[in-house]
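A closer look at the structure
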Amino acid sequence: MNEPLNPFLKILVVIILLAVVAPLVVPLLMSISDTPYIVFPPQGFTLKWYGEVLANPDARGSFFFSLQLAGIVTALSLLLGIPCAAGLTRFRVRGQEAVLGLILSPLIVPLIVTGVALLQLFAMLGSRATLLQLVIGHMVVCLPYVIRSVSASFLLVNRDLEQAAAVLGAPPHLVARRVLWPQIRPGIIAGGVFCFIVSFDDYPISMWLADGEHFPIPLFLYTVIERSFDPSIAAIASLMIFFALLLVLVIEKVLGISLARMTN
Amino acid sequence: MTGLSGAITPAGDAEPLLSRLWRAATDGNRTGYLLIAPTVLFLAVWFLWPVLTMVHLSVRAHSVDGVMVEGFTLQNYARLFATDLYFRILLRTARIALLTSLVAAILAYPLAIAIARGTPSMARLVTITILAPLLVNVVIRSYGWQTILNKTGALAWVLKGLGVSNPPVLLYTEWAVLIACVHVYLPFMVMPLAGAIGRIDRAVEEAARVAGATRPAMFARITLPLSLPGLAVGVSLVFSLSAAAYVTPQILGGNFSPLLGTLIEQQILTLNDWPFGAAISTVLIAMVLGANLIFLRIVSRRFSRWTAGA
């Protein structure tokens, strides 16, 4: 049985957790400050910075573009990743080690290098299709996560159940839908959600491939931080933090996947 | 019989077809290859090819007054290692990556122990608090530290309240980059460590306690050595991620402490010097691969010695 930690350790843990939360809480406090510059502690109370941000068409445009991009990337990554995970786990494939190495290597090569290498290739090919470039770049980074998550769920599948269903007369498509699918679904959802988040938050790939028309939200946030100094940045930061909290709730409560499982 | 059911229920038409497709997809030796081929092809074309081209570019050509000259050259690497300014950036990158791994490891142990050995509610609280920031964009997390480390920020205010008359301004220093990197990459240290600690046999801890070991002794002789595989994974992850960091050093270090990532961006987007940018990229890949090999190799060897007798 797990027992209560010793008090010294407990205090240490609380202090570290406070430091982890601090950079997410301080922007919240500063975003309501009624001053034309960032100051701690905040002075006065206003919500005008939120109004300003929400009315900003560039902020909205980038936000919705990122949602759209992450949606396309997730759909395509699942389309490639699920069959690949099935092939790797349920079939004898020669050179499996090498294939796994290739699939996981985008996680080792620094993203900023993958991004610049892609930019070079696209320039060489004379490509001007920015959206397609961004989708390809994000997919390279997202595929390893999807395949890892879906493979893990394929490996956990109890194949006796499939045999039992087949012996009892279920045709293969029924076995797939009623026996296999429920077992791999959590892995697919977890992989898809993580893929979406990785794409939505990506900076080091997008910074090379984006243009003014296709400007993902992380790049937009960065330009705002570089350029302006009033609390409207803090308001944007707060909105993004609320958005992340909402995601945590949706993932844990609605989809029923624990964060720990998803990120492992 | 199939024809009959097909005639009665229109949906039945799909049944034999689906079955046939499913059987075709699950029988035979070629199926596995067919299933993985699209992904392998995709990554070969859009990952392997560009990265190898990049590495090739770094030794293939160099520019003289902006004109590309063909031939093999190590000049781009020589320039990186021989120019004081660039070499300092290289050293700083290695230093920040090492320090980030070290500090993250120290902070991660209490958290990992709390996750692996604490009460369920404690473990859940720590896990969520550690992982939730991963969903917040790294630009925002870095900006959060800016609001704390600023001249008029939260830290200065707290220090003033504590009676420090002239609080140091950390923003735009290496310290700020280090603090934020530790924060951003801490989860990647905590989770593998918690996994490793969770796998330690409790009987070992129990035996040590019965034999009268103090808590520090138990940590030094049991928890620490037996968690080394998790630590190795954590360190190689955090080192790789912080060596390649771009956004965090850019927001917190400004122009005063750039890392290799910033140098790549400057050389390519500002100066348009592709061969040199390619050389820096290659060095960055080598650094990350080297670190992975060293950390994982050393620890796996030591660990196998420890467990060999078991």
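Residues numbered from 1 in each chain as written. Chains lettered and ligands numbered in written order. Predicted model: local features only at pLDDT ≥ 70, side-chain atom pairs only at ≥ 80, totals over all residues.

This brings us to the packing of helix α1 (residues 7-30) of chain A against helix α11 (residues 232-254) of chain A. All names here are of chain A. Closest axis-to-axis distance for the α1/α11 pair is 8 Å, and the angle between their directions is 130 degrees. Taken as axis vectors, α1 and α11 run oblique relative to one another. Handedness of the crossing formed by α1 with α11: left-handed. Facing α1, whose interface residues are Leu24, Pro27, Leu28 and Met30, α11 presents Ala234, Ala237, Ser238 and Ile241. Classifying every residue of the contact of α1 with α11 by side-chain character gives seven nonpolar, one polar and no charged. (Axes fitted to C-alpha atoms, helices over the stretch in contact; angles between N-to-C directions. Helix = DSSP H or I, 4+ residues; strand = E, 2+ residues; numbered from the N terminus. Parallel < 35°, antiparallel > 145°, perpendicular 65-115°, else oblique. Left-handed = near helix turned anticlockwise from the far one by under 90°. Contact = placed C-beta atoms within 7 Å. Nonpolar A, V, L, I, M, F, W, Y, C, P; charged D, E, K, R; others polar.)

All right, on to the packing of helix α4 (residues 96-104) of chain A against helix α3 (residues 30-60) of chain B then. Between α4 of chain A and α3 of chain B, whose axes approach to 10 Å, the crossing angle comes to 50 degrees. The angle between α4 of chain A and α3 of chain B places the two elements in the oblique class. When the axes of α4 of chain A and α3 of chain B are compared, the crossing they make is left-handed. Contact residues: Val99, Leu102 and Ile103 of chain A in α4 of chain A; Ile36, Thr39, Val40, Leu43 and Leu48 of chain B in α3 of chain B. Considering only residue class, the contact of α4 of chain A with α3 of chain B consists of seven nonpolar, one polar and no charged.

Tallying the contact residues gives 74 residues for chain A and 79 residues for chain B. Ranked by residue count, the leading element in the side of chain A that touches chain B is α1 of chain A, at 13 residues.

Here we come to the domain arrangement of chain A. Residues and elements named next belong to chain A. Along its sequence, chain A is carved into domain 1 (18-51 + 232-264) and domain 2 (56-227). Spacing between the C-alpha centres of domain 1 and domain 2 amounts to 27 Å. Looking at the side of domain 1 that touches domain 2, the elements with two or more residues in it are α11 and α12 (259-263). Per element, the largest residue contribution to the side of domain 1 that touches domain 2 is three residues, and it comes from α11. Looking at side-chain class alone, the side of domain 1 that touches domain 2 contains six nonpolar, no polar and one charged residues. (Domains from an automatic or database assignment.)

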